[in-house]
Amino acid sequence: MKKIILLISFAVLVFTSCLTEKSYTKYPQDQYFNDAEEAMLFMLGAHSKVRSLVTSYEYMFLNMFTTDDVDYAANSPAYKEFAGLTYSEDNSLVKYVWAGYYAVIEQCNILIDKLENDVNIAETYTPQMCAEARFLRAWAYFNLVQLWGDVPLVTIPVYSLTNDNVQPSRTAKERIYSQII
């Protein structure tokens, strides 16, 4: 019996090691996408980030606690802050939602930059794709401003970290609304 289990385990290991799959999630910067199909897959990644964010408990609690629709008593310190209508930067709910919005923004910034400036794909992409990325970015900024007022405005992709882009300064919400429009 042990020999059969070992033989099956070995066969599974051998056969699965022969399978190769192209990864669409770990591309170097210069290989993000090279044609319209890969750009569309990148856009679907932005949509996936939006879906993950808006279907999360953190997003729901952050958006619902300030209304009279939710009366929630919790033992978690993060939820207790919201139940008392107090927010801190160390709150895990705030961190998750903030990072989720900026992940959507960064994905859209990369897509817009590559679609508008990369000569290899400039002829093959559709303007609708760029407009869709601009819409998702505007949606994220609108929600950020609604939740926190003045927030950092980042409209160019961050391909490498420098002192200037690690912690961008806050931008007046009027300027962000102007960017959204």
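Residues numbered from 1 in each chain as written. Predicted model: local features only at pLDDT ≥ 70, side-chain atom pairs only at ≥ 80, totals over all residues. Heavy atoms only, no water.

Bringing the packing of aromatic side chains into the picture now. According to the stated counting rule, one finds 5 aromatic pairs in the structure shown. Ring plane angle 55° and centroid distance 6.3 Å describe the contact between Phe 142 and Tyr 177, whose orientation is recorded as tilted. Placement of the pair is Phe 142 in helix 6 (residues 127-148) and Tyr 177 in helix 8 (residues 173-180), with a sequence separation of 35 residues. By way of ring pairs, the aromatic residues Trp 98, Tyr 102, Tyr 141 and Trp 148 are connected into one cluster. (Phe/Tyr/Trp six-rings, centres within 6.5 Å; stacked < 30°, edge-to-face > 60°. Helix = DSSP H or I, 4+ residues; strand = E, 2+ residues; numbered from the N terminus.)

Our focus in this paragraph is the environment of Ser 88. Locating Ser 88 in the fold gives a position in the loop between helix 4 (77-83) and helix 5 (92-117). On the accessibility criterion, Ser 88 (27% relative accessible area) is partly exposed. Among all residues touching Ser 88, those that are not within four sequence positions of it are Glu 81 and Val 94. (Buried < 20%, exposed > 50% of the residue type's maximum accessible area, 1.4 Å probe, protein only. Contact = heavy atoms within 4.5 Å.)

On to the side chain of Asn 109. Summarising the element assignment, Asn 109 is placed in helix 5. The exposure class assigned to Asn 109 is buried, which follows from its relative accessible area of 1%. A polar contact is formed between the side chain of Asn 109 and the backbone oxygen of Val 154, at a distance of 3.0 Å. When residues no more than four places from it in sequence are discounted, the contact partners of Asn 109 are Arg 137, Val 154, Thr 155, Ile 156 and Pro 157. (Polar contact = N/O pair within 3.5 Å; in protein donor to acceptor, adjacent residues only side chain to side chain.)

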